[in-house]
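# Structural description and commentary
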Amino acid sequence: MVTERADVQPDIEVALVTGLSGAGLSTAAKVLEDLGWYVADNLPPELITRMVDLGSEESSRIPKLAVVIDMRSRRFSGDLATVVTEVEEKAPQTRVLFLDAADPVLVRRFEQNRRSHPLQGEGSDGTLIEGIAAERARLAAVRADADLVIDTSSLSVHELRHRVEDAFGGGSVPSVAVTVESFGFKYGLPMDADLVCDVRFLPNPHWIPGLRDHTGREAPVRDYVLSQEGAQDYLDTYHHVVELTTDGYRREGKRYMTIAVGCTGGKHRSVAMTEALAARLEADTGITVKIVHRDLGRE
């Protein structure tokens, strides 16, 4: 009978992300963060196991930890074997992702970004090619032992995102976080709006004495606004537009969207329509919804 070690934390999943500079490490880190992983970038190797211990503590639980380690990391010699062994002892669900790319591609990327290579100054001539060659030699053993190697030479940013999502997303549909925000046009457009819809075409409850003091979150105003001619058609149409847009966002690797719904003062029509649209979006797969009423109460 095998007895599990007391310090093993099987409930934490760890991804060690490494590879050649310029191969897409920053992109992979952003994808993992969007997938719900806690990402620690440029962490010194000797601190990785401490990070796993911290993530395993009840008070600071981190179920999914991704650590990006490359030549920028202090005292990283390219030997990850000891680090991987120590991490696997604490977290059996540990995987190493290695990102690679052909030399000509890496040269082009560095030249386009006007960046120097981390090891460029270590060669006799201090050239970019020497830096890439030195890094490739230093990381050869890591690449050989990696659980997953992705060659990004011919991959676009979006294609790399999909590869990482397939490998570390657990089969779940990447979520798009949608903020539906009501506002009043008289106070100005929200600066962060991706989509703006104008519901001032609906009759204004402000001019009805029995509704004026209520808001779009209350049943009398909500029922009045949503019963007006064109209100339901507008909701149906805009819901479809948002579905098409979020599908496109997901394909393009975008994970956040803000929809601004405006009326004159941000108290009646926009609030009611925001609540109604958000309710529809909450039923959609792969969308998380947050409601904000920017100008409610401002009057």
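Anyway, here's the lowdown on the structure attached to this text. Everything quoted here is computed from the prediction, not taken from an experiment. (Residues numbered from 1 in each chain as written. Predicted model: local features only at pLDDT ≥ 70, side-chain atom pairs only at ≥ 80, totals over all residues. Heavy atoms only, no water.)

A few words now on the packing of helix α10 (residues 231-252) against helix α11 (residues 269-282). Helix packing geometry: the angle between the two helix axes and the distance between the axes. At a minimum axis separation of 10 Å, α10 and α11 run at an interaxial angle of 50°. Accordingly, the angle class assigned to the pair α10 and α11 is oblique. For α10 against α11, the interelement crossing comes out right-handed. Where α10 approaches α11, its residues Ala231, Gln232, Tyr234, Leu235, Asp236, Tyr238, His239 and Val242 are matched on the opposing element by Met273, Ala276, Leu277, Arg280 and Leu281. Looking at the contact of α10 with α11, its residues break down into 9 nonpolar, 2 polar and 2 charged. (Axes fitted to C-alpha atoms, helices over the stretch in contact; angles between N-to-C directions. Helix = DSSP H or I, 4+ residues; strand = E, 2+ residues; numbered from the N terminus. Parallel < 35°, antiparallel > 145°, perpendicular 65-115°, else oblique. Left-handed = near helix turned anticlockwise from the far one by under 90°. Contact = heavy atoms within 4.5 Å. Nonpolar A, V, L, I, M, F, W, Y, C, P; charged D, E, K, R; others polar.)

To continue, consider the environment of Gln93. Here Gln93 is to be found in the loop between α3 (81-90) and β4 (94-100). Relative accessible area serves as the criterion here: at 42%, Gln93 is assigned to the partly exposed category. It is 8.2 Å that separates the C-alpha atoms of Gln93 and Asp11, two residues lying 82 residues apart in sequence. (Buried < 20%, exposed > 50% of the residue type's maximum accessible area, 1.4 Å probe, protein only.)

Moving on to the packing of aromatic side chains. Within this structure, the stated rule accounts for 4 aromatic pairs. Relative to Tyr234, the ring of Phe201 lies with its centre 5.1 Å away and its plane at 45°, an arrangement referred to as tilted. Placement of Phe201 in the loop between β7 (195-198) and α8 (209-212) and of Tyr234 in helix α10 is noted, with a sequence separation of 33 residues between them. Given the relative accessible area of 43%, Phe201 is considered partly exposed. In this structure an aromatic cluster arises from ring pairing among Phe201, Tyr234 and Tyr238. Across the ring face of Phe185, the terminal group of Arg200 is positioned such that the distance to the ring centre comes to 3.6 Å. The residue whose ring lies beneath Lys254 is Tyr249, and the NZ or CZ to ring-centre distance is 5.3 Å. (Phe/Tyr/Trp six-rings, centres within 6.5 Å; stacked < 30°, edge-to-face > 60°. Lys NZ or Arg CZ within 6 Å of the ring centre and 35° of its normal.)

This brings us to the packing of helix α2 (residues 48-56) against α3. For the pair α2 and α3, the least separation of the axes is 9 Å and the interaxial angle reads 15°. Overall, the two elements α2 and α3 adopt an arrangement that is roughly parallel. Relative to α3, the crossing made by α2 is right-handed. Contacts between α2 and α3 pair Ile48, Thr49, Val52 and Asp53 from the former with Val83, Glu86, Val87 and Lys90 from the latter. Residue composition of the contact of α2 with α3, grouped by class: 4 nonpolar, 1 polar and 3 charged.

The next point concerns the layout of surface pockets. Put simply, the largest pocket is a space of about 400 Å³. Lining of the largest pocket is provided by 21 residues; of these, Gly22, Ala23, Gly24, Leu25 and Arg115 occupy positions nearest its centre. Of the residues in the lining of the largest pocket, the class split is 7 nonpolar, 9 polar and 5 charged. (1 Å grid on protein atoms, 1.4 Å probe; cavity = no way out; pocket = protein on both sides within 12 Å on 5 of 7 lines; lining within 4 Å. Points joined across faces, edges and corners; volume = space filled by probe spheres on them.)

Moving on, we get to the pattern of salt bridges. As a working rule, side chains carrying opposite charge can pair if their charged atoms are close by. Under the defined criterion, the tally for this structure stands at 15 salt bridges. Arg136 is the partner of Asp103 in a salt bridge, and the nearest nitrogen-oxygen pair spans 2.7 Å. One end of the pair, Asp103, is in helix α4 (residues 103-113); the other, Arg136, is in helix α5 (residues 128-138), and 33 residues separate them in sequence. Given a relative accessible area of 32%, Asp103 falls into the partly exposed group. Looking at Arg136, the relative accessible area reads 28%, which means it is partly exposed. Across the pair Asp295 and Arg294 runs a salt bridge whose closest N-O atoms are separated by 2.9 Å. Judged by its relative accessible area of 30%, Arg294 is partly exposed. (Salt bridge = Lys/Arg side-chain N within 4 Å of Asp/Glu carboxyl O.)

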